[in-house]
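Single-letter residue listing:
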Amino acid sequence: MDPDLRPDSPIEQFPGYLIRRLQQILVARYTAQTEDFGVTPLQWAALKTAQARPGLDQSTLARDMALDTSTVAGVIDRLEARGLITRKPSLQDRRVRTVFITEEGSALMAQASPVVVDVQNWLMEPLEAHERAQFLATLRKLVDRPGPVDDKGN
């Protein structure tokens with residue numbers, strides 16, 4: 001625990017509280033700005049990943065998105081139902097499903113991605129360029145630290 005942080009500290013001093021609030025603010029802004037596209041942040045991330053790495057298997061897609069495979073399967077199900085993603089059996093292992101973005105998915109990404117980028121830029125707007133770089137580096141340091149985390153946070 002930070003030496004300046006105590007159990008009786010105001011909640012606004014807890015980093016977890018601030019991170020959660022920032023996520024709430026970002027999702028609210030994202031939802032308002034991307035409403036016409038009908039794509040959630042997870043769906044957009046799946047489309048972006050599938051677009052960048054066509055033919056990726058669902059397990060690798062889940063790992064790349066830092067999500068469990070059942071969550072990603074549901075996301076892919078919804079995208080496939082809308083005709084934005086297609087799944088095909090792997091040529092190497094027919095039990096494995098690979099994911100491809102469709103023409104409709106690519107068209108949606110061409111429209112939605114600039115809006116998503118605008119939302120991300122809006123988030124970083126209050127920061128100077130050097131603060132943005134430091135903020136992203138700090139986030140990466142926190143997210144990428146070594147060691148597995150179990151469901152109890154250990």
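The present account deals with the structure reproduced in this document.

Reading the values: the criteria
Residues numbered from 1 in each chain as written. Predicted model: local features only at pLDDT ≥ 70, side-chain atom pairs only at ≥ 80, totals over all residues. Heavy atoms only, no water. Helix = DSSP H or I, 4+ residues; strand = E, 2+ residues; numbered from the N terminus. Expected span 1.5 Å × (residues − 1). Buried < 20%, exposed > 50% of the residue type's maximum accessible area, 1.4 Å probe, protein only. Contact = heavy atoms within 4.5 Å. Pairing = 2+ DSSP bridges. 1 Å grid on protein atoms, 1.4 Å probe; cavity = no way out; pocket = protein on both sides within 12 Å on 5 of 7 lines; lining within 4 Å. Points joined across faces, edges and corners; volume = space filled by probe spheres on them. Nonpolar A, V, L, I, M, F, W, Y, C, P; charged D, E, K, R; others polar. Arc of directions from axis to C-beta. Salt bridge = Lys/Arg side-chain N within 4 Å of Asp/Glu carboxyl O. Axes fitted to C-alpha atoms, helices over the stretch in contact; angles between N-to-C directions. Left-handed = near helix turned anticlockwise from the far one by under 90°. Parallel < 35°, antiparallel > 145°, perpendicular 65-115°, else oblique.

Attention now moves to helix H4 (residues 69-81). Residues three or four positions apart in an α-helix share a direction because the helix packs 3.6 residues into each turn. Spanning 13 residues, H4 covers 18 Å between terminal C-alpha atoms, matching the ideal 18 Å at 1.5 Å per step. Residues Val-72, Gly-74, Val-75, Ile-76 and Leu-79 constitute the buried set of H4. Here the buried face of H4 lies against helix H2 (41-52), helix H3 (58-64), strand S2 (85-89) and strand S3 (97-101). Looking one or two residues beyond H4, the residue adopting positive phi is Gly-83, at roughly 80°.

Attention shifts here to the pairing of S3. Successive side chains on a regular strand alternate, one facing one side of the sheet and the next facing the other. Two strands pair when backbone bridges link them, and strand S1 (residues 56-57) and S3 are joined in this way by two bridges, in the antiparallel orientation. If you follow Asp-57 over to S3, its bridge partner there is Thr-98. Where S2 lies against S3, five bridges are found, and the strand directions are antiparallel. Each bridged residue has a counterpart across the sheet, and for Ile-85 the counterpart in S3 is Ile-101.

Note on placement: Thr-138 falls in helix H6 (residues 129-143). For Thr-138, a relative accessible area of 35% puts it in the partly exposed group.

As a further point, take the layout of surface pockets. Its boundaries defined by the atoms lining it, the largest pocket holds a volume of some 1,300 Å³. As for the largest pocket, its lining consists of 29 residues, and the residues nearest its centre are Gln-23, Leu-26, Gln-120, Leu-123 and Leu-139. Where the lining of the largest pocket is concerned, the elements lending two or more residues are helix H1 (15-34), H2, helix H5 (103-124) and H6. When its residues are assigned to classes, the lining of the largest pocket shows 22 nonpolar, four polar and three charged.

What follows deals with H1. Spanning 20 residues, H1 covers 28 Å between terminal C-alpha atoms, matching the ideal 28 Å at 1.5 Å per step. Among the residues of H1, Leu-26, Tyr-30 and Thr-34 are the ones counted as buried. Projection of H1 onto a plane perpendicular to its axis shows the buried side chains occupying an angular sector of 45°, all on one side. Its buried side turned inward, H1 meets H2 and H5.

Another point: the pattern of salt bridges. Applying the stated criterion across every chain, the model contains six salt bridges. In this structure, Arg-87 and Glu-80 form a salt bridge, with 2.7 Å as the shortest nitrogen-oxygen distance. Residue classification places Arg-87 among the buried residues on the basis of a relative accessible area of 13%.

The N-to-C vectors of H1 and H5 enclose an angle of 145°; their axes lie 10 Å apart at closest approach. As for the relative orientation of H1 and H5, their crossing is right-handed in sense. Along its contact with H1, which presents Leu-22, Ile-25, Leu-26, Arg-29, Tyr-30, Gln-33 and Thr-34, the element H5 presents Val-115, Val-116, Val-119, Gln-120, Trp-122 and Leu-123. Tallied by class, residues from the contact of H1 with H5 come to nine nonpolar, three polar and one charged.

Quick look at the packing of H2 against H5 now. Their axes nearest at 11 Å, the elements H2 and H5 cross at an angle of 120°. Taken as axis vectors, H2 and H5 run oblique relative to one another. Handedness of the crossing formed by H2 with H5: left-handed. Of the residues in H5, those touching H2 at Trp-44, Leu-47, Lys-48 and Gln-51 are Ser-106, Leu-108, Met-109, Ala-112, Ser-113 and Val-116.

Remember, this is a structural readout, not a statement about activity or role.
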